[in-house]
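Fold and geometry: a report
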There are 2 protein chains.
Amino acid sequence: MCAAAIPDIIIGRLPLYLRALSKMATEDKEITSSQELGARLGISSAQIRKDLSQFGEFGKQGTGYNIVFLIDQLRRILHVNQIWDVALIGAGDLGKAIANYGGFLNRGFQIVAVYDNDPHKVGQPAGKYIVRATRNIVDEIITKKIRVAMLAVPASEAQGIADQLVKAGIRAILCYAPTSLKVPEDVRIQYIDPVLHLQRMTYYMP
Amino acid sequence: MCAAAIPDIIIGRLPLYLRALSKMATEDKEITSSQELGARLGISSAQIRKDLSQFGEFGKQGTGYNIVFLIDQLRRILHVNQIWDVALIGAGDLGKAIANYGGFLNRGFQIVAVYDNDPHKVGQPAGKYIVRATRNIVDEIITKKIRVAMLAVPASEAQGIADQLVKAGIRAILCYAPTSLKVPEDVRIQYIDPVLHLQRMTYYMP
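Residues numbered from 1 in each chain as written. Chains lettered and ligands numbered in written order. Predicted model: local features only at pLDDT ≥ 70, side-chain atom pairs only at ≥ 80, totals over all residues. Heavy atoms only, no water.

1. Things to note about the interface of chain A and chain B
On the side of chain B, 57 residues touch chain A, which itself brings 57 residues to the contact. Taking both sides of the interface into account, the surface hidden between chain A and chain B amounts to around 5,900 Å²; carbon and sulfur atoms contribute 66%. The three residues of chain A that bury the most area against chain B are Arg200(A), Tyr203(A) and Met205(A), which together make up 14% of that side's buried surface. For the interface between chain A and chain B, the tally reads six salt bridges. A salt bridge links Arg107(A) to Asp193(B); the shortest N-O distance between them is 2.8 Å. The tally of links from chain A across to chain B stands at 24 residue pairs in polar contact (both at pLDDT 80 or more). Elements that contribute at least two residues to the side of chain A that touches chain B include exactly helix 1 (8-26), helix 5 (93-100), strand 9 (148-151), strand 10 (172-175), strand 11 (188-191) and helix 8 (194-202) of chain A. (Contact = heavy atoms within 4.5 Å. Buried area = accessible area lost by both parts, 1.4 Å probe. Salt bridge = Lys/Arg side-chain N within 4 Å of Asp/Glu carboxyl O. Polar contact = N/O pair within 3.5 Å; in protein donor to acceptor, adjacent residues only side chain to side chain. Helix = DSSP H or I, 4+ residues; strand = E, 2+ residues; numbered from the N terminus.)

2. Concerning the sheet that holds strand 3 (residues 64-66) of chain B
Residue and element names in this part refer to chain B. The strand order 1-3-2 describes an open sheet built from three strands, whose pairing is antiparallel. Because the sheet does not close on itself, it has two edges, and the strands there are strand 1 (31-32) and strand 2 (59-60). Inspection of the sheet shows strand 1 paired to strand 3 by two bridges, in the antiparallel sense. Residue pairing for strand 3: Thr-32 is matched across the bridge by Tyr-65. (Pairing = 2+ DSSP bridges.)

3. Overview of the domain arrangement of chain A
Split into domains, chain A comes out as domain 1 (3-77) and domain 2 (84-195). A C-alpha centroid distance of 30 Å is found between domain 1 of chain A and domain 2 of chain A. (Domains from an automatic or database assignment.)

Shown next as structure tokens:
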């Protein structure tokens, strides 16, 4: 198994499989098939079998996939069989909404610190967190050994903060700002872009 | 050209191409190649050529793609060569952040009304909008002929609101709540799920 050899587009589908399987598990299902999973996700069963086969043999021909087993395997592959500490930067409306989002912990992530550079926000609550001053962020992230960050700052500030995060050892950044960031090659970056989703729907609308 | 025959996974990549090309256009580039586009997006050039060939002949072998032309074509294909009116439901922290998001209008969308069912929020500002009462939403959406909605309400309220939206003629819903919604087959739904992006990054982190 050579991680570097598997295209990122396949990696991008694994969290979708994990989410759908976790949903099935809450429905008390035990076994599923690539057909059923594909029907839920709008992905062909052949694609799903091919994607999963990159990582091993998870189901038997004709008997399907054991849901709990496949969830465990996907969590292991995606490294979310542990909880990642996450720094959230930005305590405006969006940052507060993210701080209050309930969907992180049972899927491998927990926010451990919220930062803002606005002196009116520092020391105030954002969800269950007390907002910390961004000026101390590099030292604090190093001390706390945080490697994942979410960026909910204005587009104009995003690159400056990203540079500090990289310096502090952050290796994965989820950026909510509508901008493109430059980071070193060994730092992963993903963007939340609502327009990508909207355009994917208007295609179907005459 | 038969829309129904093109897999949704391909449709999902077109907005990525459009965004990358729009970025190139701001860099004053005129021509690009499937190799260059692929390198920016982490998608193989063969995949890009195959995806685009579903919709016609947009570039010549050896000369590459004219960026402005390809942007126009993708806008036409995705139906964002027009501005879609959008209803935003939810004027909490997240709703306010969405109402203030600057990235919609130049990519085909404009929020025209913001709704909330909290009497303390109704009549108050959310960005440049005045929050309207959700109880009138069906009539107002019908009157305004709105067909696209963004849902930024608590997970427990999302299905009830979605049912009303569908009744009002909404045909595309972008849901920010961490839940799965049931909608009729002719209604499109997409979810903003930050964890999908986080998990796609932790895969690469030992």
